[in-house]
Structure formats: structure tokens, C-alpha cells
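Residue-level structural notes
The chain contents come next:
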Amino acid sequence: MKIVFDTNNAHKLTEIRQILGDDFEVLSLADIGCHEDIPETADTIEGNALQKAQYVFDHYHLSCFADDTGLEVDALGGAPGIYSARYAGEGHDSEANMRKLLHELGENNNRKARFRTVIALIQKEEDNDSSLAEQKINCFEGIIEGQIIREKRGDEGFGYDPIFRPDGYEETFAQLGPQIKNRISHRALAVEKLAKFLKGM
């Protein structure tokens, strides 16, 4: 089955392809010739995922899915949340984002946090009475609880992985490696729900 993943993030694309496996041919935005700057102006994770998927469906008329992920830190009132990728500025600089987050937390002993991913899937649904293609929308959520540690550990992964330790593990996402992370992560949980839905069609 061919389906478009609304991203040009190589890390995300590799992760999703590994999780979904050989049952699906996952195309990136570059694969379909989409080089536009797709807006993410919603005020929720769900809203951003849906906005991105809707853009591709409306402009390219292809079944597609988009994800949005936020790191929610309890002591910071749920921040950085929807601003996770650009917490330290529009440059999407992971190192700067981690430095800012650790600085904001300081010596606070409440390090509880979670990663939350929402995947919005929009599919073409042919109308039997016409040649028009209607859309069908479904959303899938994955959440993993954990802690923000006080200094970076590990070289794998991306984003905040070196400072996020999932509950039940001694290692950070960046230490666990892709095999374990791709089984337990927020994105893995959301993709698992997506895959189960697609395979059950």
C-alpha cells in the first residue's frame, strides 16, 4: 500500500518506515514533489497534525498522514508542547532546545514529562454515485511518560532524546537505540494504531 507521510524529516521518515515495515510504501513530501512550507498554526498537537495532512490531501489529492509531537513538562505547565521543535527559536536547533529546557527546569526536582504524538490520517473515499473523491479522517494518539534528566546521555535518536528517560528504563531514548525506541516510543504507539487500522481495512 502506498501512502504519503507529510514530512521531509529524514529521522522521522526512517523511524516510520522501520515501524510500519514492508506492508507499506511510505512516500515523503519530496517523493511527491511537494516543497512548500506547510503551515503549522494550530494551537493543539491534534490541530497541527490535521492541518498538515489536510494541506497535502487538498493540493495533491493523495491519501496521507501527518504527525505532530510535543514534549510536555509538568513543572513548565506543559511547555514546550506545540513549540517543542522551535522552543529556542525558529531554527529547529535540538541542542539549543535542550539547553533552554534544562535551564528553565534548573534544580526543580519535579522532572515528570511525557512525549505525545498525534497522527492524522486522511484517505480518499470514492463516491459510488460520482467521480468525486471524498475524504475520511482518523486520528491516532501515542503517549509515553518519563523524566527529564539533568544532563544529556546517549548519541542515538534526535530532538530531546538525550534528556528524556522513559518510565521503566534506566537509559534515555538516545541510549536505548532505534530497536527499543521504535517499539515503545510515543510515535511507535501512534503508528501501531495507524498500522492496525490500515491493515484492518
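Remember, predicted model here, so these are calculated numbers, not experimental data.

Within strand S3 (residues 64–73), 10 of the 10 residues are buried, which leaves it mostly tucked inside the rest of the structure. Both faces of S3 are covered, namely the face carrying Cys 64, Ala 66, Asp 68, Gly 70 and Glu 72 and the face carrying Phe 65, Asp 67, Thr 69, Leu 71 and Val 73. Here strand S1 (residues 2–5) pairs with S3 via two bridges, running parallel. Counted as the bridge partner of Val 4 is Cys 64 from S3. Note: S3 against strand S4 (residues 80–81), two bridges, orientation antiparallel. Along S4, the bridge assignment pairs Leu 71 with Gly 81.

Below, the discussion takes up the pattern of salt bridges. A pair can form between side chains of opposite charge whenever their charged atoms are brought close. Under the criterion given, the structure shown has 19 salt bridges. When salt bridges with common partners are traced through the structure, they connect Glu 46, Glu 72, Asp 74, Lys 112, Arg 114, Arg 116, Glu 141 and Glu 145 into a single cluster.

This structure, assessed with the given rule, holds five aromatic pairs. Summarising the aromatic geometry, the rings of Phe 5 and Phe 65 are spaced 4.8 Å apart at their centres and angled 15° between planes, so their arrangement reads as stacked. Highlighted residues: Phe 5 in strand S1 and Phe 65 in strand S3, separated in sequence by 60 residues. Phe 65 carries the same exposure label as Phe 5, and that label is buried. Taking the centre distance of 5.5 Å and the plane angle of 55° together, the rings of Phe 140 and Phe 197 count as tilted. Pair noted here: Phe 140 is in strand S6 (residues 133–148) and Phe 197 is in helix H5 (residues 186–199), with a separation of 57 residues, a long-range link. Here Phe 140 falls in the buried class, since its relative accessible area comes to 9%.

Along any regular strand the residues' side chains alternate between the sheet's two faces. Summarising the sheet, S1 and strand S2 (residues 25–27) pair through three bridges and their orientation is parallel. Its bridge partner lying in S2, Lys 2 is registered against Glu 25. For the crossover from S1 across helix H1 (residues 10–20) to S2, the handedness is right-handed.

Moving on to the packing of H1 against H5. Axis separation between H1 and H5 bottoms out at 10 Å; the angle between their running directions is 50°. Between H1 and H5, the crossing angle belongs to the class labelled oblique. Judged by the twist between their axes, the crossing of H1 over H5 is right-handed. Here Lys 12, Glu 15, Ile 16, Ile 19 and Leu 20 of H1 lie close against H5, whose contacting residues are Arg 187, Ala 188, Val 191 and Ala 195. Classifying every residue of the contact of H1 with H5 by side-chain character gives six nonpolar, no polar and three charged.

Along the chain, Arg 114 falls in strand S5 (residues 112–126). Residue Arg 114 is classed as buried on the basis of its relative accessible area, which comes to 14%. Here the side chain of Arg 114 touches Asp 74 through a polar contact of 2.9 Å, side chain to side chain. Among all residues touching Arg 114, those that are not within four sequence positions of it are Gly 70, Leu 71, Glu 72, Asp 74, Ile 143, Ile 144, Glu 145 and Phe 164.

For the bond running from Ala 79 to Pro 80, omega is 0°, close enough to zero to count as cis. For Pro 80, the location among the structural elements is in strand S4. Not every positive phi belongs to a glycine, and His 92 is a case in point at roughly 55°. Among the structural elements, His 92 can be located in the loop between S4 and helix H3 (94–105). Accessibility expressed as a relative area gives 46% for His 92, which makes it partly exposed.

Rules and cut-offs
- Residues numbered from 1 in each chain as written.
- Predicted model: local features only at pLDDT ≥ 70, side-chain atom pairs only at ≥ 80, totals over all residues.
- Heavy atoms only, no water.
- Buried < 20%, exposed > 50% of the residue type's maximum accessible area, 1.4 Å probe, protein only.
- Helix = DSSP H or I, 4+ residues; strand = E, 2+ residues; numbered from the N terminus.
- Pairing = 2+ DSSP bridges.
- Salt bridge = Lys/Arg side-chain N within 4 Å of Asp/Glu carboxyl O.
- Phe/Tyr/Trp six-rings, centres within 6.5 Å; stacked < 30°, edge-to-face > 60°.
- Right-handed = clockwise from strand over helix to strand, strands pointing away.
- Axes fitted to C-alpha atoms, helices over the stretch in contact; angles between N-to-C directions.
- Parallel < 35°, antiparallel > 145°, perpendicular 65-115°, else oblique.
- Left-handed = near helix turned anticlockwise from the far one by under 90°.
- Contact = heavy atoms within 4.5 Å.
- Nonpolar A, V, L, I, M, F, W, Y, C, P; charged D, E, K, R; others polar.
- Polar contact = N/O pair within 3.5 Å; in protein donor to acceptor, adjacent residues only side chain to side chain.

Read these as geometric descriptors, not functional statements.
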